[in-house]
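What follows is the residue order along each chain.
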Amino acid sequence: DAGVIQSPRHEVTEMGQEVTLRCKPISGHNSLFWYRQTMMRGLELLIYFNNNVPIDDSGMPEDRFSAKMPNASFSTLKIQPSEPRDSAVYFCASRYTGEGEQYFGPGTRLTVT
Amino acid sequence: SQQGEEDPQALSIQEGENATMNCSYKTSINNLQWYRQNSGRGLVHLILIRSNEREKHSGRLRVTLDTSKKSSSLLITASRAADTASYFCAPEGWGKLQFGAGTQVVVTP
């Protein structure tokens, strides 16, 4: 199995631009999570999906952030417009629905200048 | 909050020594998980202990859970240089993990 796949691995963009991060979960997993990691705030859960349906988006910072999961094998996290404070490493994780071990992707390092 | 809080924040030991880190949380949980993160990488699951379990072992890892004190500990025995990483506890409730700030462990040869 290829594990959780994220793209791009690195993204550098200017303030005001739209950023789209992508995630392919492990085949067969039906829960997907988006996290953000910074030195200041640590690892924060942004949103998670069960069976492609958003269950809890209370961690999404503001309306500039949106996430979609159009099918079981693909999810996107979009930031529009981006701001320097959005600079962080964004992780996607997946697992079987319920509870238990989450499998993390390698992350996308986002830098907004 | 069910967010885990690790202690100490940083730990420096020599190869062969044991490393112990602690985690506290505030609400009821279904399970508690420990993860490792090497610099610049994603998190890797180490071990899960359910709320009705008190101790669990996996290789050189030993985890305890005391739900009455809302605390857990992770022991790494006979540490190796490759154990150098950040370690996070993550209490789970309502299907969500709440990660703490982590313990940075450095194992010197």
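Worth saying up front: this structure is predicted, and the values here are computed from it rather than measured. (Residues numbered from 1 in each chain as written. Chains lettered and ligands numbered in written order. Predicted model: local features only at pLDDT ≥ 70, side-chain atom pairs only at ≥ 80, totals over all residues. Heavy atoms only, no water.)

1. Structural notes on the pattern of salt bridges
All names here are of chain A.
At step 1: Applying the stated criterion across every chain yields a total of 12 salt bridges over all chains.
At step 2: Arg-85 serves as the salt-bridge partner of Glu-62, at 3.3 Å between the closest nitrogen and oxygen. Here the residue Glu-62 occupies a position in the loop between β6 (53-56) and β7 (65-71), and Arg-85 occupies one in the loop between β8 (74-79) and β9 (88-95), the gap between them amounting to 23 residues.
At step 3: For Glu-62, a relative accessible area of 27% translates into the label partly exposed.
At step 4: A relative accessible area of 54% places Arg-85 in the exposed class.
At step 5: A cluster of three or more residues bridged by salt bridges with shared partners is formed by Glu-62, Arg-64, Glu-83, Arg-85 and Asp-86. (Salt bridge = Lys/Arg side-chain N within 4 Å of Asp/Glu carboxyl O. Helix = DSSP H or I, 4+ residues; strand = E, 2+ residues; numbered from the N terminus. Buried < 20%, exposed > 50% of the residue type's maximum accessible area, 1.4 Å probe, protein only.)

2. Examining the state of the cysteines
Residues and elements named next belong to chain A.
At step 1: The final tally for this structure, using the stated rule, is 2 disulfides over all chains.
At step 2: Between the sulfur atoms of Cys-23 and its disulfide partner Cys-92 the distance amounts to 1.8 Å. Classification of the bridge connecting Cys-23 and Cys-92 rests on its S-S torsion, roughly -65°, and on that basis the disulfide is left-handed. With a gap of 69 residues between them, Cys-23 in strand β3 (residues 19-24) and Cys-92 in strand β9 connect regions that are remote in the sequence. (Disulfide = S-S within 2.5 Å.)

3. Comments concerning the packing of aromatic side chains
Residues and elements named next belong to chain B.
At step 1: For the structure on display, the rule yields 9 aromatic pairs over all chains.
At step 2: Considering the side-chain rings of Tyr-35 and Phe-99, the 5.4 Å spacing of their centres and the 65° angle between planes classify their relative orientation as edge-to-face. You can see Tyr-35 sitting in strand β4 (residues 31-37) and its partner Phe-99 sitting in the loop between β10 (96-97) and β11 (103-108), a full 64 residues away along the chain.
At step 3: Among the residues examined, Tyr-35 registers a relative accessible area of 0% and is labelled buried.
At step 4: A residue is classified by how much of its surface remains accessible, and Phe-99, at 2% relative accessible area, is buried. (Phe/Tyr/Trp six-rings, centres within 6.5 Å; stacked < 30°, edge-to-face > 60°.)

4. Digging into the side chain of His29(A)
Residue and element names in this part refer to chain A.
At step 1: Among the secondary structure elements, His-29 is positioned in the loop between β3 and β4 (31-38).
At step 2: Judged by relative accessible area, His-29 falls into the buried class, the value being 6%.
At step 3: The contacts of His-29, once residues within four sequence positions are left out, are Ser-94, Arg-95, Tyr-96 and Tyr-103. (Contact = heavy atoms within 4.5 Å.)

5. Describing the sheet that holds strand β6 (residues 55-58) of chain B
Residue and element names in this part refer to chain B.
At step 1: The sheet built from 5 strands is open, its strands ordered β1-β3-β8-β7-β6 with antiparallel pairing. Each edge of the open sheet carries a strand with a single partner, namely β1 (5-7) and β6. Here the average twist between neighbouring strands, direction ignored, is 20°.
At step 2: Relative to strand β3 (residues 19-24), β1 runs antiparallel, the two sharing 3 bridges. Looking across to β3, one finds that Glu-6 is bridged to Cys-23. (Pairing = 2+ DSSP bridges. Axes fitted to C-alpha atoms, helices over the stretch in contact; angles between N-to-C directions.)

6. Re the interface of chain B and chain A
At step 1: Each partner contributes to the interface: chain B provides 18 residues, whereas chain A provides 18 residues.
At step 2: A combined buried area of about 1,400 Å² lies between chain B and chain A, and 48% of that area is made up of carbon and sulfur atoms.
At step 3: At the junction of chain B with chain A, the criterion picks out 2 salt bridges.
At step 4: One salt bridge in this structure joins Asp56(A) and Lys96(B), with 2.7 Å as the shortest N-O distance.
At step 5: In this structure, the connection of chain B to chain A is made through 8 residue pairs in polar contact (both at pLDDT 80 or more). (Buried area = accessible area lost by both parts, 1.4 Å probe. Polar contact = N/O pair within 3.5 Å; in protein donor to acceptor, adjacent residues only side chain to side chain.)

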